[in-house]
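# Per-entry structural report
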Protein chains: 4
Amino acid sequence: MAPKGSAVIIGVGPEQGLGATLACQFAGKGLHVFMAGRSEDKLQHLASKIRQSGALVTPVIADATVESDVKQLFKLAQQDGMRIDIAVYNVDSNIPSPLLETDTETFTKLWQQNCLGAFFFGKEAIHAMQKCRQGTLFFTGATASLRAKPPFTAFAAAKAGLRALAQGMAREFSPHGIHVVHTIIDGVIDGERAVIQFPDFVNAKGADGLLQLEAIAETYWAIHQQHPSAWTHELDLRPFKEPF
Amino acid sequence: MAPKGSAVIIGVGPEQGLGATLACQFAGKGLHVFMAGRSEDKLQHLASKIRQSGALVTPVIADATVESDVKQLFKLAQQDGMRIDIAVYNVDSNIPSPLLETDTETFTKLWQQNCLGAFFFGKEAIHAMQKCRQGTLFFTGATASLRAKPPFTAFAAAKAGLRALAQGMAREFSPHGIHVVHTIIDGVIDGERAVIQFPDFVNAKGADGLLQLEAIAETYWAIHQQHPSAWTHELDLRPFKEPF
Amino acid sequence: MAPKGSAVIIGVGPEQGLGATLACQFAGKGLHVFMAGRSEDKLQHLASKIRQSGALVTPVIADATVESDVKQLFKLAQQDGMRIDIAVYNVDSNIPSPLLETDTETFTKLWQQNCLGAFFFGKEAIHAMQKCRQGTLFFTGATASLRAKPPFTAFAAAKAGLRALAQGMAREFSPHGIHVVHTIIDGVIDGERAVIQFPDFVNAKGADGLLQLEAIAETYWAIHQQHPSAWTHELDLRPFKEPF
Amino acid sequence: MAPKGSAVIIGVGPEQGLGATLACQFAGKGLHVFMAGRSEDKLQHLASKIRQSGALVTPVIADATVESDVKQLFKLAQQDGMRIDIAVYNVDSNIPSPLLETDTETFTKLWQQNCLGAFFFGKEAIHAMQKCRQGTLFFTGATASLRAKPPFTAFAAAKAGLRALAQGMAREFSPHGIHVVHTIIDGVIDGERAVIQFPDFVNAKGADGLLQLEAIAETYWAIHQQHPSAWTHELDLRPFKEPF
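So, here's what we can say about the structure. (Residues numbered from 1 in each chain as written. Chains lettered and ligands numbered in written order. Predicted model: local features only at pLDDT ≥ 70, side-chain atom pairs only at ≥ 80, totals over all residues. Heavy atoms only, no water.)

### Side note on the overall build of chain A
Across its full length, chain A holds 8 helices and 7 strands. Here the C-alpha radius of gyration of chain A, 17 Å, is about what a compact globule of 244 residues would show, namely 18 Å. If one aligns the C-alpha atoms of chain A with their principal axes, the spans along those axes are about 50 × 40 × 35 Å. Looking at chain A as a whole, 61% of its 244 residues are labelled buried. Look at the contacts in chain A between residues 6 or more apart in sequence, and 74% of them connect residues 24 or more apart. (Helix = DSSP H or I, 4+ residues; strand = E, 2+ residues; numbered from the N terminus. Rg over C-alpha atoms; globule rule 2.2 N^0.38 Å. Buried < 20%, exposed > 50% of the residue type's maximum accessible area, 1.4 Å probe, protein only. Contact = heavy atoms within 4.5 Å.)

In structure tokens form, the structure reads like this:
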């Protein structure tokens with residue numbers, strides 16, 4: 001059976017990551033998933049796995065910070081005239097750095113990946129969704145968007161920009177039927193990245209102290225299912241043991 | 001089949017209201033619902049309706065601002081040793097009033113209903129839920145908790161207190177396995193109260209401009225279903241057309 | 001020389017406290033100070049000291065949580081037809097308490113002292129100030145108004161209510177020429193109360209780690225001096241070493 | 001008499017503007033003012049005026065978004081070994097634009113001017129101030145940092161980034177004796193820019209409805225005068241008639 005709609009996700013990397021988990025989930029719900037990332041190997045591997053389940057998936061090599069890549073991704077997703085039900089900007093890059101040691105390249109790169117790319121992605125998603133006056137547009141955000149603490153000042157500045165962008169889009173496009181959502185991930189996701197970047201932290205937290213990938217994906221789906229009369233624009237997601 | 005657990009809701013009034021809608025929904029999910037309100041007529045009418053669907057329901061006459069009533073409600077809910085899965089403080093009372101015209105009785109009553117009662121209810125719910133180290137405790141809040149605007153200053157002061165209470169409880173009891181949730185209802189609920197209190201406003205908004213009862217209840221259920229590794233503490237709920 | 005105006009302060013206790021420091025400062029600026037508190041001894045002692053400097057001061061025994069006391073205070077302050085330039089609600093009561101150990105009396109008392117009394121005081125101050133379409137109305141607040149953390153949940157619920165009250169008043173009465181200010185004291189004030197209540201904490205912080213009384217008073221005065229075209233409604237005050 | 005210290009301001013444009021007003025004020029307080037902007041004509045004109053009052057001033061042609069310009073500015077300000085007492089990042093650029101009409105150049109430029117330049121400036125200011133373990137570093141911010149509303153989404157994303165940057169810096173460097181301040185200008189400044197950009201708006205507001213330049217400058221000075229035991233990190237500034 002042909003899918004009735006599609007999902008576009010950017011920021012799909014390792015199989016044990018949020019992007020990949022959302023891709024699997026949306027595919028499982030019957031959507032054709034256009035999933036974008038920078039690593040062809042990872043995308044192809046994930047695409048094979050999803051296809052084995054009988055779902056439709058299109059891997060797209062794309063850099064979220066390159067506008068033409070983002071435009072191309074949405075062009076692909078729309079070429080069969082399919083409706084885009086969900087779009088997720090899931091790029092998250094964090095580099096801890098004391099302020100005086102933060103160079104311009106790092107400060108700029110964090111902004112490009114966490115905020116500028118979201119601007120490219122959001123515009124394309126809204127262009128596409130406006131045609132049907134429906135769709136859910138997610139931006140995966142972080143607690144740093146609410147509070148800037150060293151050594152995460154540059155990250156916080158980028159995520160605060162993302163949050164404002166998502167909020168402005170919600171105010172502008174909700175009345176047009178587009179559900180814009182900003183999630184505040186408060187804690188460490190139990191994925192490959194954390195294990196590689198912060199192995200000691202992951203061990204110290206224990207399994208219960210990390211956000212489980214499927215658990216996050218369940219909530220994204222539940223929010224997508226909301227009736228337009230009671231939409232959530234912003235919500236936090238946090239392991240029960242996480243101090244906040 | 002006997003229910004596996006129960007739900008306790010206070011602030012159950014008209015059939016076309018959020019408390020009643022949550023009661024029906026939780027009953028439909030197989031929970032024994034202990035529903036409390038001040039009007040015996042309304043409770044009995046609703047109880048009959050729920051019983052017709054084959055569900056277990058216990059109506060309890062209670063005033064949320066009377067501590068002994070709240071204690072009695074939870075005593076009843078626990079007398080069969082049943083687990084309390086969900087508790088909802090759904091009392092919401094709003095009286096618009098320019099500040100200089102707000103008398104002490106009104107200011108106090110709004111606090112009692114929106115905040116003090118939540119303190120009574122929250123304590124009892126946590127006492128009960130701690131035994132099983134699980135349960136979801138909802139507080140139905142409002143945008144006024146974030147921004148105080150005349151003529152809703154007294155209401156905002158009460159709802160801001162409620163929000164702080166819920167937040168403090170979440171920080172204290174989440175690590176014990178109790179999921180504490182504060183919902184920010186931003187808009188007017190399409191229920192009997194709005195139709196009576198603000199008929200012109202309801203007409204002006206149109207059906208799409210009001211929060212549908214079932215839509216809110218769906219989200220409460222979805223949040224209750226969240227895995228402890230990714231709990232939401234706070235989320236807004238708003239009609240897509242609502243300016244914010 | 002007769003004072004041109006007056007200041008009304010409630011929450012004046014020990015000489016080494018914020019209320020007393022504000023009283024001395026306003027008296028030094030030439031205002032007739034009406035200072036209210038619950039301890040006649042402390043008030044008389046402070047009044048003698050202020051009178052020695054040649055300033056006019058009227059001590060008033062009053063409980064901020066008793067509406068008639070607050071009304072009487074403002075009646076006194078206005079009986080000579082003098083303009084009220086400044087009014088400060090400086091009552092601050094904090095009782096740390098884990099939530100399940102917090103009884104109704106404590107929860108209610110904290111609200112009465114931090115929020116209900118401010119409602120009484122604010123109404124009277126605005127009634128008085130509206131006549132001249134000018135005046136500055138301060139509410140001494142706390143960081144807990146922004147974030148509720150155990151064991152300060154009850155305190156936070158009260159201070160969050162205070163903040164909302166102040167914000168609603170600012171929105172309603174700024175256009176009438178009344179400057180409503182909410183200060184967020186973030187840290188421990190270097191006064192008698194801290195020394196008695198938290199001696200170890202005071203020692204650990206060191207002199208630099210506590211808010212100096214005169215330093216706070218200077219900022220209150222600077223904010224009172226602001227031109228109406230650039231009023232501050234809310235500002236934080238924090239020792240430079242305080243983590244936040 | 002030689003000045004004891006200096007002030008560095010970037011974002012100095014028309015004489016009727018906040019940068020120029022701060023320059024005049026700081027010069028009047030006895031500081032050697034290094035004032036930077038992009039227009040040589042405007043800077044020279046202002047420098048002449050300030051010199052006539054007997055104060056020391058050094059105009060510097062600089063683009064806040066060019067890192068080498070910012071480094072050069074601080075190099076100049078430090079070449080005589082003078083202490084930098086105050087540094088103000090006063091660049092504020094706003095371009096209203098519905099999101100789908102906002103191009104990448106505009107989105108990027110707003111970020112560069114409101115946020116990236118502040119990163120350059122903040123780093124240099126802190127490098128300089130750390131030597132003396134003192135100094136006040138101001139960032140002129142806007143209400144949009146707190147709430148993103150169309151057609152100001154791109155501006156809000158940039159200002160939210162600025163706010164996070166300032167907050168992170170405050171947390172990192174306050175304990176080192178550097179006072180980092182974020183001002184929230186809520187309203188329109190009564191300067192040349194507003195008159196040119198929004199003449200109708202300026203007329204509609206009336207003189208009382210705009211922020212007076214000198215009034216803002218007074219508050220900057222008062223905040224600079226604060227004792228380290230009671231520093232303000234963030235405050236709003238708003239005409240008394242401004243709805244908020």
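### Side note on the interface of chain A and chain D
Each partner contributes residues to the interface: chain A has 36 residues there, and chain D has 36 residues. Together chain A and chain D conceal approximately 3,100 Å² of surface at their shared face, both sides included; 69% is due to carbon and sulfur atoms. At the boundary of chain A with chain D, the tally comes to 0 salt bridges. Summed over the shared surface of chain A and chain D, the result is 10 residue pairs in polar contact (both at pLDDT 80 or more). Elements represented by at least two residues in the side of chain A that touches chain D include exactly α4 (104–130) and α5 (153–173) of chain A. At 13 residues, the largest contribution of residues to the side of chain A that touches chain D is made by α5(A). (Buried area = accessible area lost by both parts, 1.4 Å probe. Salt bridge = Lys/Arg side-chain N within 4 Å of Asp/Glu carboxyl O. Polar contact = N/O pair within 3.5 Å; in protein donor to acceptor, adjacent residues only side chain to side chain.)

### Some words on the pattern of salt bridges
Considering all chains together, one arrives at 36 salt bridges over all chains under this definition. Ionic pairing is found between R238(B) and D236(B), a salt bridge with its closest N-O pair at 3.2 Å. When the shortest N-O distance is used, the salt bridge between K49(D) and E15(D) registers 3.2 Å. In this pair, K49(D) is assigned in helix α2 (residues 40–52) and E15(D) in the loop between β1 (5–10) and α1 (18–28), connecting sequence segments 34 residues apart. Taken together, the shared-partner salt bridges connect D92(A), K159(A) and R193(A) into one network.

### A word on empty space enclosed by the protein
In the structure shown here, the tally under the stated rule is 4 cavities of 30 Å³ or more. Quantified by volume, the largest cavity comes out at close to 80 Å³. If you trace the largest cavity, you find it lined by R238(A), P239(A), F240(A), E242(A), F244(A), A170(B), S174(B), H179(B), V180(B), W231(B), T232(B) and H233(B). For the lining of the largest cavity, the class distribution of residues is 6 nonpolar, 4 polar and 2 charged. (1 Å grid on protein atoms, 1.4 Å probe; cavity = no way out; pocket = protein on both sides within 12 Å on 5 of 7 lines; lining within 4 Å. Points joined across faces, edges and corners; volume = space filled by probe spheres on them. Nonpolar A, V, L, I, M, F, W, Y, C, P; charged D, E, K, R; others polar.)

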